[in-house]
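Residue-level structural notes
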Amino acid sequence: MSRRRPIYEGKAKILYEGPEPGTLVQYFKDDATAFNAQKKGTIEGKGVLNNRISEHVMTLLGNVGIPTHFIRRLNMREQLVKRVDIIPIEVIVRNIAAGSLSKRLGIEEGTPLPRSVIEFCYKSDEHGDPLVGEDLITAMGWMNPRELDEVMGLSLRVNDFMSGLFAGIGIKLVDFKLEFGRYYVNEEEHQILLADEISPDNCRLWDAATSEKLDKDRFRRDLGGVAEAYQTIARRLGIRIDPQTEN
Ligand code: TMP
């Protein structure tokens, strides 16, 4: 564990002060929560896997021109990222009905949506991350209309890229959640960066042939084989983790 000064502890990660101004160290824990932390557990090795999976996906996204907070991986559980002010909105992109969308509207899980859809949730565990609309987001100043437009455009580009990436390894990208932040270049200017992580914690990933769930729904729904599912995703992405050093 890092000896640096902790800045923020979330449910699955800890953020430490980075070695240079404008940076943070993002430490991936094995802890897992669901249903606004009402359900708690640990998934052995999850932090190591998510650190690697998020590194892999963020690097590929960076290569196709998506601005991300990722700088480089430091060790088995830590990565160096740009320090951003997180926008308090979770952006959910859905390709296939599942989870809360299916529950809310009675659409059977697995039904392909006519087109990809974006939903927004206000980040507040206390209120259960409620769904919010674009009008409320701009009215409350969580994002201005220009930022909202940029975030939606980036989210759809991430969806296009990731859908192809996962299709190529026999996995359906059902839905996922993104978080964005403002990176201050100076006091007035900021850039919007993709932040947080991209991993089976915040994506629904189904085997293309069998529809087997290879993501955190295995934990949420007590299906067992959680760590194995995350390992399958890492392996299919071509990520090799040395079991000796976990590096
Ligand atoms: P949902 O169907 O439960 O609304 O979830 C949609 C997607 O967002 C799914 O891939 C899981 C992810 N997600 C998170 O990453 N964090 C959350 O707190 C929730 C509720 C969902």
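Overview of the structure. (Residues numbered from 1 in each chain as written. Predicted model: local features only at pLDDT ≥ 70, side-chain atom pairs only at ≥ 80, totals over all residues. Heavy atoms only, no water.)

**A short note on unusual backbone geometry**
Although it is not a glycine, D196 sits at a positive phi angle of roughly 60°. Examined against the element boundaries, D196 turns out to sit in the loop between β13 (190-195) and β14 (203-207). For S211, which is not glycine, the phi dihedral falls at a positive 65°. Here S211 lies in the loop between β14 and α5 (217-220). Relative accessible area serves as the criterion here: at 32%, S211 is assigned to the partly exposed category. (Helix = DSSP H or I, 4+ residues; strand = E, 2+ residues; numbered from the N terminus. Buried < 20%, exposed > 50% of the residue type's maximum accessible area, 1.4 Å probe, protein only.)

**Overview of the side chain of E179**
Position of E179 among the secondary structure elements: in strand β12 (residues 171-184). A polar side-chain atom of E179 sits 3.1 Å from a polar atom in the side chain of K123. Dropping the residues within four chain positions of it, E179 is found in contact with I86, E90, K123, L193, L194, A195 and D196. (Polar contact = N/O pair within 3.5 Å; in protein donor to acceptor, adjacent residues only side chain to side chain. Contact = heavy atoms within 4.5 Å.)

**Section: the environment of F176**
For F176, the location among the structural elements is in strand β12. With a relative accessible area of 2%, F176 lands in the buried category. Taking the C-alpha atoms as reference, F176 lies 26 Å from I7; in sequence the two are 169 residues apart. Here F176 is in contact with V91, I92, V93, S155, V158, N159, M162, N202 and C203, once residues within four sequence places are set aside.

**Thoughts on the pattern of salt bridges**
Tallied over the full model, the rule gives 27 salt bridges. We note a salt bridge from D201 to K46, for which the minimum N-O separation is 2.7 Å. Residue D201 is found in the loop between β13 and β14, and its partner K46 is found in helix α1 (residues 46-63); the two are separated by 155 residues along the sequence. Salt-bridge contacts for E119 lead to R104; the nearest nitrogen and oxygen are separated by 3.0 Å. With E119 in strand β10 (residues 112-122) and R104 in helix α2 (residues 99-105), the pair connects residues that are 15 residues apart, well separated along the chain. Accessibility expressed as a relative area gives 11% for E119, which makes it buried. Judged by relative accessible area, R104 falls into the partly exposed class, the value being 40%. (Salt bridge = Lys/Arg side-chain N within 4 Å of Asp/Glu carboxyl O.)

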